[in-house]
Amino acid sequence: MTRPEPGPHAQRIAVIGGGISGLSAARYLSARHQVTLFEAADRLGGHTATVDVEVDGQDYAIDTGFIVFNDRTYPHFQRLLDHLDVAYQPTEMSFSVHRTDVDFEYNGHTLASLFAQRRNLLSPSFYRLLGQIVRFNRQAIHDLANHDANTDPDPLLLPLGDYLDREGFSEDFQRHYLLPMGGAIWSASLADIRAFSTRFFLRFFHHHGLLSINDRPQWFTIKGGSRTYIDRLTAPYADSIRLATPVHGIRREADAVVIRTHSGEERFDQLVLACHADQALALLEDPSPAEREILSALPYADNEVVLHTDTRLLPRRSRAWASWNYRLDGRADSANVSVTYAMNILQRLEAPHTFCVTLNDSDSIAADKVLGRFTYAHPQFTQAGALAQGRHAEISGTQGRTHFCGAYWRHGFHEDGVWSALRVAQALGCDELDHERLREATT
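Residues numbered from 1 in each chain as written. Predicted model: local features only at pLDDT ≥ 70, side-chain atom pairs only at ≥ 80, totals over all residues. Heavy atoms only, no water.

Caption draft 1: The overall build of the protein chain, seen in detail. What the protein chain contains, in helices and strands, is 16 helices and 20 strands. Taken over C-alpha atoms, the radius of gyration comes to 23 Å for the protein chain, in line with the 22 Å a tight globule of 443 residues would show. Overall, the C-alpha framework of the protein chain stretches about 75 × 65 × 35 Å when taken along its three principal axes. In the protein chain, which comprises 443 residues, the share counted as buried stands at 56%. The long-range share in the protein chain, meaning contacts at least 24 apart out of those at least 6 apart in sequence, stands at 69%. As displayed, the protein chain has an accessible area near 18,600 Å², and 49% of this comes from carbon and sulfur atoms. Taking the 43 positively charged and 55 negatively charged side chains of the protein chain as two groups, their mean positions are separated by 3 Å. (Helix = DSSP H or I, 4+ residues; strand = E, 2+ residues; numbered from the N terminus. Rg over C-alpha atoms; globule rule 2.2 N^0.38 Å. Buried < 20%, exposed > 50% of the residue type's maximum accessible area, 1.4 Å probe, protein only. Contact = heavy atoms within 4.5 Å. Areas by Shrake-Rupley, 256 points an atom, 1.4 Å probe, with all protein chains shown as cover. Lys, Arg positive; Asp, Glu negative; His and termini not counted. Charge placed at Lys NZ, Arg CZ, Asp CG, Glu CD.)

Caption draft 2: Layout of a nonpolar patch on the surface. A surface patch of nonpolar side chains, amounting to about 350 Å² of accessible area, comprises L121, L122 and Y127. In this structure, L122 sits in the loop between α3 (111-114) and α4 (124-145). Overall, the relative accessible area of 77% leaves L122 in the exposed class. (Patch = residues over 30% accessible without salt bridge, like charges linked within 9 Å, V, L, I, M, F, W, Y side chains within 5 Å. Salt bridge = Lys/Arg side-chain N within 4 Å of Asp/Glu carboxyl O.)

Caption draft 3: Spotlight on the state of the cysteines. Tallied over the entire structure, the rule returns zero disulfides. In this structure C430 is not part of a disulfide, and its nearest cysteine sulfur, from C405, lies 13 Å away. The exposure class of C430 is buried, given its relative accessible area of 3%. (Disulfide = S-S within 2.5 Å.)

Caption draft 4: Expanded view of the packing of aromatic side chains. According to the stated counting rule, one finds 34 aromatic pairs in the structure shown. Aromatic side chains F69 and F77 sit 5.3 Å apart centroid to centroid with 80° between the ring planes, which places their arrangement in the edge-to-face category. The class of F69 is buried, set by a relative accessible area of 0%. Residue F77 is classed as buried on the basis of its relative accessible area of 0%. Taking the centre distance of 5.5 Å and the plane angle of 45° together, the rings of F136 and F173 count as tilted. (Phe/Tyr/Trp six-rings, centres within 6.5 Å; stacked < 30°, edge-to-face > 60°.)

Caption draft 5: Region of interest: the pairing of strand β13 (residues 264-268). Sheet topology places strand β12 (residues 257-261) next to β13; five bridges connect them, and they run antiparallel. If you follow V258 over to β13, its bridge partner there is R267. Turn length for the β12-β13 hairpin, with the two strands adjacent in sequence and antiparallel, is two residues. (Pairing = 2+ DSSP bridges.)

Caption draft 6: How the structure looks around helix α11 (residues 289-296). Regarding α11, the residues found buried are A290, E291, I294 and L295. For α11, the arc enclosing every buried residue in end-on projection is 110°, short of the 170-degree limit, so these residues lie on one face. Here the buried face of α11 lies against β11 (249-252), α10 (277-283), α13 (383-389), α14 (392-395) and β20 (402-404). (Arc of directions from axis to C-beta.)

Caption draft 7: A look at unusual backbone geometry. Positioned with a positive phi, D85 is a non-glycine residue whose angle comes to about 60°. Mapping D85 onto the fold places it in the loop between α2 (75-84) and β6 (88-91). On the basis of relative accessibility, which here comes to 56%, the residue D85 falls in the exposed class. Of note in the backbone geometry, R401 takes a positive phi value of approximately 65° without being a glycine. Take R401: it is sitting in the loop between α14 and β20.

Caption draft 8: Local environment of the nonpolar core. Core analysis: the biggest nonpolar cluster contains 98 residues, and F77, F136, W186, F201 and F205 have the highest contact counts within it. Broken down by element, the residue count for this core peaks at eight residues, all from helix α6 (residues 171-186). Other than its neighbours up to four places away in sequence, W186 contacts I193, F196, F200, F201, F204, F205, H378, P379, Q380, F381, H411 and F413. Listed in part, the 28 residues of the second largest apolar core include A14, I16, F268 and A280. (Core = buried A, V, L, I, M, F, W, Y, C linked by side-chain atoms within 4.5 Å.)

Caption draft 9: Focus on the sheet that holds strand β9 (residues 219-222). Overall, antiparallel pairing links the three strands, which are arranged β5-β9-β6 in an open sheet. The two strands at the open ends of the sheet, each matched to only one other strand, are β5 (69-70) and β6. Pairing geometry for β5 and β9, over two bridges, is antiparallel. Directly across from F69, in β9, lies its bridge partner F220.

Caption draft 10: Up close: a negative patch on the surface. Negative charge collects at one region of the surface, where D278, D302, E304 and D363 lie side by side. Inspection of the secondary structure assignment puts D278 in helix α10.

Caption draft 11: Focus on the sheet that holds β12. Pairing is antiparallel in the open sheet, where three strands are placed in the order β11-β12-β13. Edge positions in the sheet fall to β11 and β13, since each has one partner strand and no second. Here the strands of the sheet are splayed against their neighbours by 25° on average, with no regard to which way each runs. (Axes fitted to C-alpha atoms, helices over the stretch in contact; angles between N-to-C directions.)

Caption draft 12: Region of interest: helix α15 (residues 414-427). Its 14 residues give α15 an end-to-end C-alpha distance of 20 Å, which sits within 8% of 20 Å, the value for a rise of 1.5 Å per residue. H414, E415, D416, G417, V418, S420, A421, L422, V424 and A425 are the residues of α15 that are buried. One or two residues past the end of α15 sits G429, with phi positive at roughly 90°. (Expected span 1.5 Å × (residues − 1).)

Caption draft 13: View of the confidence of the model for the protein chain. Mean pLDDT for the protein chain: 90, with 94% of residues reaching 70 or above. Confidence over residues 438-443 falls short of pLDDT 50; this stretch has 16 contacts with residues more than four positions distant or in other chains. (pLDDT = per-residue confidence, 0-100.)

Caption draft 14: Layout of the packing of helix α1 (residues 20-29) against α15. Contact geometry for α1 and α15: axes closest at 8 Å, N-to-C directions at 35°. Between α1 and α15 lies a crossing whose hand is right-handed. Contact residues: I20, S21, S24, A25, Y28 and L29 in α1; H414, G417, V418, A421, L422 and A425 in α15. Within the contact of α1 with α15, the residues separate by chemical class into eight nonpolar, four polar and no charged. (Left-handed = near helix turned anticlockwise from the far one by under 90°. Nonpolar A, V, L, I, M, F, W, Y, C, P; charged D, E, K, R; others polar.)

Here is the structure:
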């Protein structure tokens, strides 16, 4: 494979972070510039973490981090996959809530799965829950369409929990539907979801078709595991990737950015920080007041992830099993989310075993069923964070040749990582057309 020569105005650019944001930024930038990518881990991908397991002599590739995307709200990521000729397949995106201590469960995917627990057919409280779901969807669409920033107080500027209480949504609706769904999406506790910006939350739900019964996007998984795209994405700059090379410090000078690693110091014309917000702030030896204020408002939290085959973490009734399964079981609102992904459904695996990926419920999983344990950090979205996201231009490209990208600048997902990377690349003179020309030149 022949790598295109950088243009006459090429700069030496350091990209720190080998997740989707850093990999995409390096891809776009390498069309015009000399890029060096630093990754602290011994592998690329970040949340793109496909694990090879052997069970009863059969090999399986199971995704444990990034799993799904859709054809409506992932335009940049899907276009990237299409450019790279990465194959993907349709999948089912369903959601269940279950609580074993009181034997309550449902899966909202179909009418049959909704009443997987047959006694719900005769339960007035369950019908009230369904009625509140319909009312919430209508109310949210109405409030978004009639949003008036001059309203005092503006209901969409309230924390989500205050908005739900103000609009009279019951505790049953909040705890058995909306908050668990938000917790499963963002790997956050119920208390964290109550603190979300209402406008941020409702816009996300509306954009992803979650306020509609029928008008929902088609979801996909990548064939062979999500890691499949990594080698193709990095091919143009593969010889400039430094794995297992943590950056120990960053110093900005008038004419350069100085990167310090175990090998010493290197000077670059520009720097792209594609790591988490808290990591970026920790690396900067001379953060400005604005950098400190904005990045501090965009925190991350660790989540324990276990790959296993213990189906006790799924609803008791197999007809209630969904792609995403939220387990309540009387957990405190401040406790981390307990959600189990049914990977046979999501990845369309033909296997005699049911592979599960569970967040934050390690002690409930039988030790002899565990196939791997991992820790992934996810961004936490608060009112302060929503305001900080709007201040990106104050620090990116304006503070000592330093640019910031990452999924945390929007909703925290793969699409947001690619979108953020493209924003930085465009600021440095590159765009998606360069990326397409790069593909043609290297194939």
